[in-house]
Amino acid sequence: MRPLIYSINVTLDGCVHHNAIPSEPALQEATLRATHLHATQTISRVDALLFGRVTYGMMEGAWRLATRTSKPPEWTEPFARTIDAMPKYVVSSTLGQVDWNAELISGNLEAAVTALKQQPGKGLLTGGVQLPLALAELGLIDEYEFVVQPRLAGHGPTLFAGLSRYVELKPIDRKDLTSGAIVLRYEPRR
């Protein structure tokens, strides 16, 4: 069975808003470079992406090569090429259709994700806020990866707000990024 990996950038105080990164230009570029390099490495561990509607829309707007309206920094190209080519599954009850190498998933989330995990392959990667909360509630996440940014946000959406029960985790890896961020990887204790 292929594992489902959840990866998210998070500030030290738990904010997971995608703009909660250092705003000082020199710090921002160093953080983004290190984060994109690490994200490219994480994506290379899987063969498909699992997004909710909001995350899918944000990622498509930023990384779909065919519809780009601006050119991001050249150092983002490996990430852009990787995510653009990757097959995607989009969980939504409101979207009528998706494209960008994507398939729409609706209906029973547990059954649909369990079926995806049972398909042959390296793994599935998810991110975002709402979908991972639902997946954690169902016990479907096999690895949690937190890219902890050295910043306090003091606002914004937080990790797993509203989770109905504890999820006990055991550490499996730690990596320091050149930006000062720390990557912490965990598996659920089952």
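Up top is the structure.
Residues numbered from 1 in each chain as written. Predicted model: local features only at pLDDT ≥ 70, side-chain atom pairs only at ≥ 80, totals over all residues. Heavy atoms only, no water.

Q: Quick question: what am I supposed to make of the pattern of salt bridges here?
A: Pairing between side chains of opposite charge can happen when their charged atoms approach one another. In the structure shown here, the tally under the stated rule is 12 salt bridges. For the salt bridge of arginine 185 with glutamate 143, the shortest nitrogen-to-oxygen distance reads 2.7 Å. Here the residue arginine 185 occupies a position in strand β8 (residues 182–188), and glutamate 143 occupies one in strand β6 (residues 143–149), the gap between them amounting to 42 residues. The class for arginine 185 is buried, based on a relative accessible area of 19%. By sharing partners, the salt bridges in this structure join Arg45, Glu143, Asp173 and Arg185 into a single network. (Salt bridge = Lys/Arg side-chain N within 4 Å of Asp/Glu carboxyl O. Helix = DSSP H or I, 4+ residues; strand = E, 2+ residues; numbered from the N terminus. Buried < 20%, exposed > 50% of the residue type's maximum accessible area, 1.4 Å probe, protein only.)

Q: Got a minute to help me understand the sheet that holds β6 in this structure?
A: Reading across from one edge, β4-β3-β2-β5-β1-β6-β8-β7 is the order of the 8 strands in this open sheet, with mixed pairing throughout. Two strands bound the open sheet, and with one partner strand each, they are β4 (102–105) and β7 (169–176). Averaged over all pairs of adjacent strands, the angle between their axes in this sheet comes to 25°, without regard to strand direction. Here strand β1 (residues 4–11) pairs with strand β5 (residues 124–126) via 3 bridges, running parallel. Paired with tyrosine 6 across the strands is threonine 126, a residue of β5. Each of β2 (48–52), β3 (88–91) and β4 touches helix α2 (residues 53–63); the most contacted strand, β2, lies at about 115° to it. (Pairing = 2+ DSSP bridges. Axes fitted to C-alpha atoms, helices over the stretch in contact; angles between N-to-C directions. Contact = heavy atoms within 4.5 Å.)

Q: I tried to follow the pairing of β7 on my own but got confused; where do I start?
A: Remark: a regular strand shows side chains that alternate across the two faces of the sheet. Pairing of β7 with β8, which is carried by 7 bridges, proceeds in the antiparallel orientation. By the bridge assignment, aspartate 176 is partnered in β8 with isoleucine 182. Counting the residues between successive antiparallel strands, the hairpin from β7 to β8 contains 5 residues, one of them, glycine 180, with a positive phi of roughly 100°.

Q: So what exactly am I meant to see when it comes to unusual backbone geometry here?
A: Excluding glycine, residues mostly carry a negative phi; peptide bonds, for their part, are mostly trans. Non-glycine residue tryptophan 100 carries a positive phi angle of around 65°. Within the element layout of this structure, tryptophan 100 appears in the loop between β3 and β4. A positive phi angle, close to 55°, is found at asparagine 101, a residue other than glycine. Here asparagine 101 shows up in the loop between β3 and β4.

Q: What is the right way to look at helix α5 (residues 130–137) in this model?
A: An α-helical turn contains 3.6 residues, so any two residues separated by three or four positions project in the same direction. Every buried residue belonging to α5 is among Leu131, Pro132, Leu133, Leu135 and Ala136, and all of these are buried. Tucked inside the fold, the buried residues of α5 contact β1, β2, β3, α4 (109–118), β5 and β6. The positive-phi residue at the C-terminal boundary of α5 is glycine 139, with phi of around 70°.

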